Amino acid sequence: MLSRFEEVGLINDSAFAGAWVESRHHGRGLARRALVQELRTKGVDATLIDEAVGQLDSEQEETTARELVARKLRATRGLDRDKRLRRLAGMLARKGYPQGMALRVVRQALEEEGEDTEFLADEEF
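**Student:** Just to check I follow, could you spell out the nonpolar core for this structure?
**Tutor:** Across soluble globular proteins, nonpolar side chains show a tendency to be buried alongside one another. V69, L92, Y97 and V106 are the most contacted members of the largest nonpolar core, which has 18 residues in total. Counting residues per element, the ones that place at least two in this core are helix 5 (58-73), helix 6 (81-94) and helix 7 (99-112). Here the element with the most residues in this core is helix 7; it accounts for 7 residues. When sequence neighbours within four positions are dropped, the list of residues in contact with V69 reads L88, M91, L92, V105, V106 and A109.

See the structure below:
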């Protein structure tokens with residue numbers, strides 16, 4: 001029966017994976033790493049995952065990370081610099097963003113806000 005569903009296009013893992021990536025990246029801001037993990041959990045084939053996640057490029061992923069930080073930045077005002085860094089970078093890490101990108105994006109956002117980030121370059125969260 002499943003084979004018949006596939007034949008008539010009712011089951012299409014490729015379309016599912018593409019729609020999942022589109023929805024979860026734009027809706028929740030998830031990075032490639034988190035999307036790959038979710039699709040694996042759903043039982044999608046690795047080659048289809050690679051194709052679907054290939055829709056996202058590094059530039060698009062970084063833009064989304066910046067948008068996420070910008071939305072959360074206001075809620076961290078009044079906290080000390082280190083706590084802000086940990087919260088914002090931790091939020092990006094939970095969404096699957098690489099540590100280097102997360103720290104860079106957060107540091108730039110804090111600098112734009114006038115925060116002294118001279119000592120944040122080598123810190124880890």
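**Student:** Is there a simple way to think about the side chain of T76 in this case?
**Tutor:** Secondary-structure assignment places T76 in the loop between helix 5 and helix 6. Residue contacts for T76: discarding those within four places in its chain leaves R84 and L88.

**Student:** Sorry, what's going on with helix 7 here?
**Tutor:** Every α-helical turn comprises 3.6 residues, leaving residues that sit three or four positions apart pointing alike. Its 14 residues place the ends of helix 7 20 Å apart at the C-alpha level, agreeing with the 20 Å of an ideal helix rising 1.5 Å per residue. Turning to helix 7, its buried residues number three or more, namely M101, A102, L103, V105, V106, A109 and L110. Close packing links the buried residues of helix 7 with helix 5 and helix 6. Taken from the residues just after helix 7, G114 is the one with a positive phi, measuring 95°.

**Student:** I'm lost on helix 2 (residues 13-28) in this one. Help?
**Tutor:** The first and last C-alpha atoms of helix 2 sit 21 Å apart over 16 residues, in line with the 22 Å expected at 1.5 Å per residue. Among all positions in helix 2, only A17, G18, V21, R24 and H25 are buried. Down the axis of helix 2, the buried set is contained in an arc of 150°. They therefore lie on one face. Buried residues along helix 2 sit against helix 3 (32-41), helix 4 (46-53) and helix 5. Where helix 2 begins, the side chain of N12 points an oxygen toward the backbone nitrogen of S14, at a separation of 3.1 Å. Of the residues flanking the end of helix 2, it is G29, one or two places downstream, whose phi is positive at about 80°.

Rules used in this analysis
- Residues numbered from 1 in each chain as written.
- Predicted model: local features only at pLDDT ≥ 70, side-chain atom pairs only at ≥ 80, totals over all residues.
- Heavy atoms only, no water.
- Core = buried A, V, L, I, M, F, W, Y, C linked by side-chain atoms within 4.5 Å.
- Buried < 20%, exposed > 50% of the residue type's maximum accessible area, 1.4 Å probe, protein only.
- Helix = DSSP H or I, 4+ residues; strand = E, 2+ residues; numbered from the N terminus.
- Contact = heavy atoms within 4.5 Å.
- Expected span 1.5 Å × (residues − 1).
- Arc of directions from axis to C-beta.
- Polar contact = N/O pair within 3.5 Å; in protein donor to acceptor, adjacent residues only side chain to side chain.

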